[in-house]
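Okay, here's what each chain looks like letter by letter:
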Amino acid sequence: MPTMVCIDCGDVVFEADTWQAMLVKMMPHYLEAHHDVIAGETELPREEWMGRFMDAYRAAEEGQTKAV
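A description of the overall build of the protein should follow, citing residues and the corresponding values.
The helix and strand inventory of the protein stands at three helices and two strands. If you list the helices and strands of the protein from N to C, you get β-β-α-α-α. Relative to the globule expectation of 11 Å for 68 residues, the C-alpha radius of gyration of the protein, 12 Å, shows essentially globular dimensions. Along the three orthogonal principal directions, the C-alpha set of the protein runs to about 40 × 20 × 20 Å. Put simply, the protein has 68 residues, and 24% of those count as buried. Across the protein, contacts joining residues at least 24 apart in sequence account for 41% of those joining residues at least 6 apart. If you sum the accessible surface of the protein, you get close to 4600 Å²; carbon and sulfur atoms cover 55% of it. Of the charged side chains in the protein, 5 are positive and 13 negative, and the gap between their average positions amounts to 5 Å.

Which residues make up the environment of aspartate 8, and what values go with them?
Structurally, aspartate 8 can be placed in the loop between strand S1 (3-5) and strand S2 (13-15). Remark: the alpha-carbon pair of aspartate 8 and phenylalanine 53, spanning 45 residues in sequence, is separated by 9.7 Å. In this structure aspartate 8 touches Tyr30, His34, Val37, Trp49 and Arg52, once residues within four positions along its chain are discounted. Among the polar contacts made by the side chain of aspartate 8, one reaches the side chain of tyrosine 30 at a distance of 2.6 Å.

Each value, and the rule that gives it
- Residues numbered from 1 in each chain as written.
- Predicted model: local features only at pLDDT ≥ 70, side-chain atom pairs only at ≥ 80, totals over all residues.
- Heavy atoms only, no water.
- Helix = DSSP H or I, 4+ residues; strand = E, 2+ residues; numbered from the N terminus.
- Rg over C-alpha atoms; globule rule 2.2 N^0.38 Å.
- Buried < 20%, exposed > 50% of the residue type's maximum accessible area, 1.4 Å probe, protein only.
- Contact = heavy atoms within 4.5 Å.
- Areas by Shrake-Rupley, 256 points an atom, 1.4 Å probe, with all protein chains shown as cover.
- Lys, Arg positive; Asp, Glu negative; His and termini not counted.
- Charge placed at Lys NZ, Arg CZ, Asp CG, Glu CD.
- Polar contact = N/O pair within 3.5 Å; in protein donor to acceptor, adjacent residues only side chain to side chain.

Structure below.
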């Protein structure tokens, strides 16, 4: 199962089977610690954040695959 840290602070570790489930697991942390990202109040567009997330998720998947 892929494991990721928060891509914005690195303080919290998340584990989920799919990228969609990973987003759901990350949501409470983002609502509390990174509300500006959720609200779209950052300099980076949401699409860029999602691109960063997908890159990190793919890397987590590859890391998991190599470890098996």
